[in-house]
Amino acid sequence: MEALQGTWDGEKREVSVHAVSLTQLDNGAKIPPSGWKCSQCDLTTNLWLNLTDGSILCGRRFFDGSGGNDHAVEHYRKTGYPLAVKLGTITAEGKGDVYSYAEDDMVEDPYLAEHLKHFGINVQQLQKTEKSMVELELELNRRTGEWNTLQESGTELRPLHGPALTGLNNLGNSCYINSVVQVLFRMPDFVRRYVEGAPEIFSTFPEDPAN
Ligand SMILES: [Zn+2]
């Protein structure tokens, strides 16, 4: 887990292009060190502090229905204020989960401590109380029981195709594999060999192909 901190999907976070010249409004917003709530709903976890106007709003809804009510991302769509930090992930060293809506990615904000100070937050007084995005992602994958879901264990599978049946569900970090699978199944040679040829493959190959 330690090795994954500061990464997103195993990728290193880049410094946001918006960090160095970020506009911060002098609107008098002051953020207490704890006890936060979404200003649009009753959620008190999964909250994001917009670094331009100091608004506190809940995060996105995940594919399985858990998560927030999308209020932070809706705020970005209305205002264009690009950066938000997840409350509860900020450490005394001034690190935290910063998301750039404009760049559509988790990013590095080298001036995070300064940006927080604008809203009266002293990072020294903060404690990490929330799961980081990496921790959440791993937890979500575990909860989904990815292996059983992928295999559709115990279900009778029916081939389906046609309008509105394109695409594969994202089971949590499986979008990359879905795209590869869909490309493979558009290749006539692949389909001939491994789909139409499947009965022959299964009937003629030894049970333990390694030996
Ligand atoms: Zn909300």
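Note that the structure is predicted; figures quoted are calculated from it, not measured. (Residues numbered from 1 in each chain as written. Predicted model: local features only at pLDDT ≥ 70, side-chain atom pairs only at ≥ 80, totals over all residues. Heavy atoms only, no water.)

1. Here we look at the coordination of the zinc ion
Note the cut-off: In this description, a donor is an N, O or S atom within 2.8 Å of the metal centre, a cutoff extended to 3.2 Å for sodium, potassium and calcium. Water is not part of the atom list, which can make sites seem incomplete. Going along the chain from the N terminus, every DSSP run of H or I of four or more residues is numbered as a helix, and every run of E of two or more is numbered as a strand. Each residue's exposure class comes from its accessible area (1.4 Å probe, protein chains only) as a fraction of the maximum for that residue type: buried when under 20%, exposed when over 50%, partly exposed otherwise.
Coordination of the zinc ion by the protein is provided by C38 (SG), C41 (SG), C58 (SG) and H71 (ND1), with metal-donor distances spanning 2.0 to 2.3 Å. Counting the intervening residues between successive donors of the zinc ion yields the motif C-x2-C-x16-C-x12-H. Of this pair, C41 sits in the loop between β3 (14-15) and β4 (47-50) while C58 sits in strand β5 (residues 56-58), placing them 17 residues apart in sequence. We classify C58 as buried; its relative accessible area is 0%.

2. Section: the pattern of salt bridges
A side chain with one charge may pair with a side chain of the opposite charge, provided their charged atoms come close. For the record, the criterion: Salt bridge, as applied in this entry: a Lys or Arg side-chain nitrogen positioned within 4 Å of an Asp or Glu carboxyl oxygen.
Enumeration according to the criterion identifies 5 salt bridges in this entry. With a shortest N-O distance of 3.9 Å, K37 and D42 are connected by a salt bridge. A relative accessible area of 67% means that D42 is categorised as exposed.

3. What to know about the environment of A19
Going by this rule: Any pair of residues with heavy atoms lying within 4.5 Å of one another is described as a contacting pair.
Within the secondary structure, A19 is located in the loop between β3 and β4. Between the C-alpha atoms of A19 and L112, which are 93 residues apart in sequence, the distance is 8.2 Å. Excluding its chain neighbours within four sequence positions, the residues that come into contact with A19 are L83, D109, P110, Y111 and H115.

4. What to know about the nonpolar core
Counted only if it meets this: As used here, the term nonpolar core means buried Ala, Val, Leu, Ile, Met, Phe, Trp, Tyr and Cys residues forming a set that is joined through side-chain atoms within 4.5 Å.
W48, L49, L51, V85 and L116 are the most contacted members of the largest nonpolar core, which has 32 residues in total. Counting residues per element, the ones that place at least two in this core are β4, β5, α1 (71-79), β6 (83-86), β7 (98-100), β8 (105-108), α2 (112-117) and α3 (133-144). If we ignore the near neighbours within four places in the chain, the residues touching V85 are L47, W48, L49, L51, I90, G96, D97, V98, L112 and L116.

5. Details of the sheet that holds β7
Filter applied, for reference: In this description, strands pair whenever DSSP reports at least two bridges between them. Only C-alpha atoms enter the line fits that serve as axes; for helices the fit covers just the stretch in contact. Angles between N-to-C directions range over 0 to 180 degrees.
If you walk across this open sheet you meet the 6 strands as β3-β8-β7-β6-β4-β5, and the pairing is mixed. Each of the sheet's edge strands pairs with one partner strand only, and the pair in question is β3 and β5. With 3 bridges joining them, β6 and β7 adopt antiparallel strand pairing. If you follow V85 over to β7, its bridge partner there is V98. Seen against the sheet, α1 touches β4 and β5 and runs at an angle of roughly 120 degrees to β5.

6. Regarding the pairing of β4
Looking down a regular strand, the side chains alternate between one sheet face and the other. Neither face of β4 is open: one carries L47 and L49, the other W48 and N50, and all of them are buried. Sheet analysis places β4 next to β5, joined by 3 bridges and oriented antiparallel. Paired with L47 across the two strands is C58, which belongs to β5. Linkage of β4 to β5, two consecutive antiparallel strands, is achieved through a turn of 5 residues, within which G54 is found at a positive phi near 75 degrees.

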